[in-house]
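# Examination of the molecular architecture
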Amino acid sequence: MYTGPLRALIDELGRLPGIGPKSAQRIAFHILKVPTEDAHRLSDAIVVVKERTTLCEQCFNVAEGGAWCAICSDDQRDGEVICVVEDPRDIVAVERTNQFHGRYHVLGGALNPLEGIGPDQLKVRELLARIDAGQIREAIVCTNPNLEGEATAMYVARLLTPLGVIVSRLASGLPVGGDLEYADELTLGRALEGRRRIEV
Amino acid sequence: MSLFRDTGVVLRTYRLGEADRIIVLLTEGHGKVRAVAKGVRRTLSKFGARLEPLTHVDVLLWQGRSDLDIVNQVEVLDTFRAVREDLARLPKGLALLEVSDQMAQERHPDHRLYAMLVGALRALSDPGSDPMLLAPAFFLKALVLEGAAPVLDACAACGEPDGVVDLVAFDLVVGGALCRAHRSGRPMSPAALELSRRILGGDLAAVLAGPPPPGADEVAELATEAMEVHLDRRIRSVRSVAGL
Ligand SMILES: [Zn+2]
Ligand SMILES: [Zn+2]
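Residues numbered from 1 in each chain as written. Chains lettered and ligands numbered in written order. Predicted model: local features only at pLDDT ≥ 70, side-chain atom pairs only at ≥ 80, totals over all residues.

Moving on, we come to the overall build of chain B. Counting secondary structure elements, chain B contains eight helices and eight strands. Taking 2.2 N^0.38 as the reference for a compact globule, 244 residues should give roughly 18 Å; the C-alpha atoms of chain B span a radius of gyration of 20 Å, in line with that estimate. With respect to the three principal axes, the spread of C-alpha positions in chain B is 65 × 35 × 30 Å. Within chain B, buried positions represent 46% of all 244 residues. Excluding contacts between residues fewer than 6 apart, the proportion of contacts in chain B whose partners are at least 24 apart in sequence is 55%. (Helix = DSSP H or I, 4+ residues; strand = E, 2+ residues; numbered from the N terminus. Rg over C-alpha atoms; globule rule 2.2 N^0.38 Å. Buried ≥ 20, exposed ≤ 12 C-beta atoms within 10 Å, placed from the backbone. Contact = placed C-beta atoms within 7 Å.)

Here's what the structure looks like:
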């Protein structure tokens, strides 16, 4: 159908997550139409992000220019508490709360027995090495509240607790702004168990 | 488009697009069904945790022209929390789901498989039961459902009955237990042979009620291998988390 550079661009775009052949065509034609400088800005951004961004050697968050990410390099962060997440994007979500001042550890996924993903496919050994180094006394497991995330949380807790680390899990509860009558029994059951006293 | 209602167990889910998931269900009346749950990954989704794997549900589905149905409503029959929240039981439960997923055919009801899966999940969530033999027993019984019941009372190669020959090995490729002259596959102890017979001979409830009987480790390995031979693939949820 298409040949040469246009074909190549459509093929490359089609490899991106969530972009099907139709969207790839649409984006390619959009790029054909935009001013040359806009196209350069896009291609430069792609090249620069690949050149300057790496994974933090300590926590596996994204790092810009340097072995460590901004959070690991920040002396103001509490080095005794870490938040264990599945993906660097989860760090952004936790950071937005402004309520966590420790550091992170990115596992790079969750245990997924049905997909054949076990502990060896995650950054578990690296987490243990950080615990061995001695400073960490508390870990908050912030994996997704689904089957895989829960399994990962249980596994991390079982691994770290005997090492003297206090391990906690994000509370399961009702989303603020939702209606109680629509809550499913698993969520509501856990919310009941995790109820908190109202301070008056 | 037509609407239908059924009960089913969520076998697994796949992410779809930004916020949706494809839900794979083993239903009682329609066999394996794939359906889209729209918006289920959003925090305020009306589905909440109801469509997580392992959940036994009552669902209302839209069947359109494509292979994928659409989840319209869902109610929970059982969340199997005792399985979900126990690292010793969860991989066993997932192994049941994985094998059921492999065995079930789309839009082709198999009441016995469905009843076996629901029954096994219930047994697995019984806190008094030892989960060790549950998945292997399920595998052996599933082989029978599939018409691949292992021969246990005679040599699968020469047909000589137990007693006339000693059954000392097991190989599902050949068909079951094997005598000394025809041995292949893996060695099998008398205890493992006896336990396999009890599991398939209607004594499963008693086997699961107590602590693992002699030969349990061997039967667990043998049943897993036999199911893997039958499916011609590894059972990932047994292998990937073997060290947990
Ligand atoms: Zn870092
Ligand atoms: Zn023989």
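Past the structure itself, the notes keep going.
The next thing to look at is the overall build of chain A. When helices and strands are counted, chain A shows eight helices and six strands. Along its sequence from the N terminus, chain A presents helices and strands in the succession α-α-α-β-β-α-β-α-β-α-β-α-β-α. By the compact-globule yardstick of 16 Å for 200 residues, chain A is too spread out, its C-alpha radius of gyration being 22 Å. Overall, chain A is about 65 × 45 × 40 Å in size when its C-alpha atoms are taken along their principal axes. Across the 200 residues in chain A, those meeting the buried criterion constitute 25%.

Before going further, it helps to examine the nonpolar core. General note: in soluble globular proteins, nonpolar side chains tend to be found buried as a group. Counting residues in each nonpolar core, the largest one holds 105 residues, and the members touching the most others are A:Val84, B:Leu25, B:Val71 and B:Phe139. In terms of residues, this core owes the most to one element, helix H4 (residues 134-145) of chain B, which gives eight residues. Among the domains, domain 1 (2-80) and domain 2 (129-242) of chain B are the pair contributing at least three residues each to this core. Not counting chain neighbours up to four residues away, the residues in contact with B:Val71 comprise B:Ile23, B:Ala35, B:Val36, B:Ala37, B:Phe47, B:Leu51, B:Val59 and B:Leu61. (Core = buried A, V, L, I, M, F, W, Y, C linked by C-beta atoms within 7 Å. Domains from an automatic or database assignment.)

For chain B, mean pLDDT is 93; residues scoring 70 or higher make up 99% of the total. Interface predicted TM-score (ipTM) for the complex: 0.81; the corresponding pTM is 0.86. (pLDDT = per-residue confidence, 0-100.)

What follows deals with the packing of helix H2 (residues 90-103) of chain B against H4(B). All names here are of chain B. Look at H2 against H4: their axes get within 9 Å of each other, and the N-to-C directions meet at 15 degrees. Judged on the interaxial angle alone, H4 and H2 are roughly parallel. Seen along the crossing, H2 lies across H4 with a hand that is right-handed. Here H2 contributes Lys92, Ala95, Leu96, Val99 and Met103 to the contact with H4, which in turn contributes Leu134, Ala135, Phe138, Phe139 and Ala142. The residue makeup of the contact of H2 with H4, split by class, is nine nonpolar, no polar and one charged. (Axes fitted to C-alpha atoms, helices over the stretch in contact; angles between N-to-C directions. Parallel < 35°, antiparallel > 145°, perpendicular 65-115°, else oblique. Left-handed = near helix turned anticlockwise from the far one by under 90°. Nonpolar A, V, L, I, M, F, W, Y, C, P; charged D, E, K, R; others polar.)

As a further point, take the sheet that holds strand S5 (residues 69-78) of chain B. Residues and elements named next belong to chain B. Taken in spatial order, the five strands line up as S1-S2-S3-S5-S4 and close into a barrel, and their pairing is mixed. Strand-to-strand twist across the sheet, computed as the mean angle between neighbouring axes with direction ignored, equals 50 degrees. Pairing between strand S2 (residues 20-27) and strand S3 (residues 31-37): seven bridges, direction antiparallel. Looking at S3, one finds that Leu26 is bridged to Lys32. Relative to the sheet, H2 contacts strand S1 (2-16) and S2, its axis offset from that of S1 by approximately 115 degrees. (Pairing = 2+ DSSP bridges.)

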